[in-house]
Amino acid sequence: MLKLDFHPSGRHFLQIPGPSPVPDRILRAMSLPTIDHRGPEFGALGLELLKKVQTIFKTTQPVIIYPASGTGAWEAALINTMSAGDHVLMFETGHFATLWEKMARRLGLQPEFLGLPGYEGWRAGVQADMIEERLRKDTGHTIKAVCVVHNETSTGVTSNIPAVRSAIDAAGHPALLLVDTISGLACADYQHDTWGVDVTISGSQKGLMLPPGISFNALSDNAIAASKTSNLPKSFWAWDEILEANKNGYWPYTPNTNLLYGLNEALDMLLDEGLEQVFARHQRWAAGVRAAVEAWGLEVQCQEPDVYSPVLTGVVMPDGVDADAVRRLIYERFDLSLGMGLGKSKGKMFRIGHLGDCNDLTLIAALGGCEAGLKLSGVNLKGSGVLAALEYFSQNPPHHVN
């Protein structure tokens, strides 16, 4: 039988940008006995969950919870709001934006992909001015939605979503705004209502610190109105039946009961700490990791400091160094998993996740594994990233955010 707990001693360092490590507290909650998903206890749980999850999205609008990965929530967002052949404007910031564009095409939509050229285009955030310029030219309002990724997991860029909303408004365009914050939620500030987002897509396995298997659509009144005229085929993903069942804390089909126990526990952990404190913690970790990369004399994948991600940092290798070979050596020697470069960045960089169930010493150890692995791979480092991160964390202690 395949052994999945194969680490001879100590804990495996899972420093990919999701799935992130699951805290013991959440694992214990998930281990409770399964209950009747039509019974009264489950209805009470459902109502409590649906209320708490609105707080995480900073919304008073409905949040749909699916027993699916984030990819399912992408599909749900598109097929509930769009009709066959609809024109959607999407912005290429990295690998996951390209996958969402591919999905739109397979669903029978007509995606138009804006973006900066080449690999360098994957080192910047969404360019809101390009969206505004394109929408101004769409005088017939054939574009029905603008789709952007908030935190692009493949590159370590957190785009400015309020700027995208402002661009749509400045163009006087009625297109819906659909945003993927699968890796951003509960790590980076996100405000569904205030930012004027119509559908927000997210998942469980990043900042929510859960295993994969839950995804979300946070809605707006405009999105719900669009769903009433959308003609793309939908059944499992259809909002109407779920919204009706959710009124009493239930789902129209069998939900993933034990994962919902874990979600309830995760929401309690986040809300007890306070979201602003959670965001500050992630920003601090990210700054410490970037201090390490700078000390090594290497480049951060994201080239725009204003949109550095608090979730992960991409580390670009010098010319001639295979990032995947470095990553493999680090895994084999130090039991440390790092994210690989995807798409246009494959082999050029690796990704260090600093999200969720983490602390300063977790990151110091992870950076130690990276530093040793880089040296063993023959990469000439300018200085010690471990010492730089230690210095940053000691000089910038965590502080309470009111």
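Keep in mind the model is a prediction, meaning the values are calculated, not measured.

Thresholds, definitions, all that
Within each chain, residues carry numbers counting from 1 in the order of the written sequence. Local features in this predicted model are restricted to residues of pLDDT 70 or higher, and side-chain atom pairs are both shown and tallied only at a pLDDT of 80 or more, whereas totals for entire chains, interfaces and linings draw on every residue. Only hydrogens and water are set aside; all other atoms, that is, all heavy atoms of the structure, feed into the side-chain values. Computed over the protein atoms alone on a 1 Å grid, cavities are sets of points where a 1.4 Å probe fits but cannot get out and pockets are open sets with protein on both sides within 12 Å along at least five of seven lines; a residue lines them when it has an atom within 4 Å of a point. Grid points are joined across faces, edges and corners, and a volume is the space filled by probe spheres set on the points. The numbering of helices and of strands both runs from the N terminus, where a helix is a DSSP run of H or I of at least 4 residues and a strand a run of E of at least 2. Throughout this entry, Asp, Glu, Lys and Arg are counted as charged residues, while Ala, Val, Leu, Ile, Met, Phe, Trp, Tyr, Cys and Pro are counted as nonpolar. The remaining residues, Gly among them, count as polar. Here an angle of 0 to 180 degrees is reported between the N-to-C directions of two axes, which are lines fitted to C-alpha atoms, with helices fitted over the stretch in contact. Angular relationships are summarised with four words: roughly parallel below 35 degrees, roughly antiparallel beyond 145, roughly perpendicular across 65 to 115, and oblique for the angles in between. Whether a crossing is left-handed or right-handed is set by the direction in which the near helix is turned from the far one by less than a right angle, anticlockwise for left-handed and clockwise for right-handed. Contact between two residues is taken to exist if any of their heavy atoms lie within 4.5 Å; hydrogens are not considered. A simple rule labels every residue: compare its accessible area, found with a 1.4 Å probe on the protein chains alone, to the largest value its type can have, and call it buried under 20%, exposed over 50%, or partly exposed in between. Pairing between strands is defined by DSSP: at least two bridges between them are needed. Two rings from Phe, Tyr or Trp (for Trp, the six-membered ring) form a pair when their centres are within 6.5 Å of each other. A pair whose planes differ by under 30 degrees is stacked, one over 60 is edge-to-face, and the rest are tilted. Any Lys NZ or Arg CZ that is within 6 Å of a ring centre and within 35 degrees of that ring's normal is treated as a charge sitting over the ring.

Colleague: Explain the layout of surface pockets residue by residue, including any values.
Modeller: Reported here for the largest pocket is a volume of approximately 600 Å³. Forming the boundary of the largest pocket are 22 residues, of which Arg11, His12, Leu14, Pro21 and Val22 lie nearest the centre. No other element matches the three residues that strand E1 (residues 13-15) contributes to the lining of the largest pocket. Here the residues of the lining of the largest pocket sort into 11 nonpolar, seven polar and four charged.

Colleague: Could you give me a rundown of the packing of helix H10 (residues 275-296) against helix H12 (residues 360-376), with the residues and numbers involved?
Modeller: Following both chains from N to C, one finds H10 and H12 inclined at 20°, their axes separated by 11 Å at the closest point. When the interaxial angle is binned, H10 and H12 end up roughly parallel. Read as a crossing pair, H10 and H12 show a hand that is right-handed. Judged by residue contacts, Arg284, Trp285, Val289, Ala292 and Trp296 of H10 engage Asp360, Leu363, Leu367, Cys370, Glu371 and Leu374 from H12. Considered class by class, the residues forming the contact of H10 with H12 number eight nonpolar, no polar and three charged.

Colleague: Give me the pairing of strand E3 (residues 87-92): which residues, what numbers.
Modeller: The element E3 is largely enclosed, with a buried count of six among its six residues. Every second residue of E3 is oriented toward a common face, with His87, Leu89 and Phe91 on one face and Val88, Met90 and Glu92 on the other, all of them buried. Two elements, E3 and strand E4 (residues 110-115), share six bridges in a ladder whose sense is parallel. Pairing of Met90 across the sheet is with Phe113, part of E4.

Colleague: Help me get a handle on the packing of aromatic side chains, residues and values and all.
Modeller: Note on aromatic pairs: each is described by the distance of the centres and the angle between the planes. Within the structure shown, the criterion is met by nine aromatic pairs. Taken together, a centroid distance of 5.1 Å and an interplanar angle of 70° make the contact between Tyr190 and Trp195 edge-to-face. Both residues of the pair, Tyr190 and Trp195, belong to the buried class. Among the aromatic residues, those joined into a ring-pair cluster are Tyr66, Phe236, Trp237 and Tyr253. In this structure, Lys348 packs its charged tip against the face of Tyr119, placed 5.1 Å from the ring centre.

Note that every value here comes from positions in space, so none of it alone points to a role or purpose.
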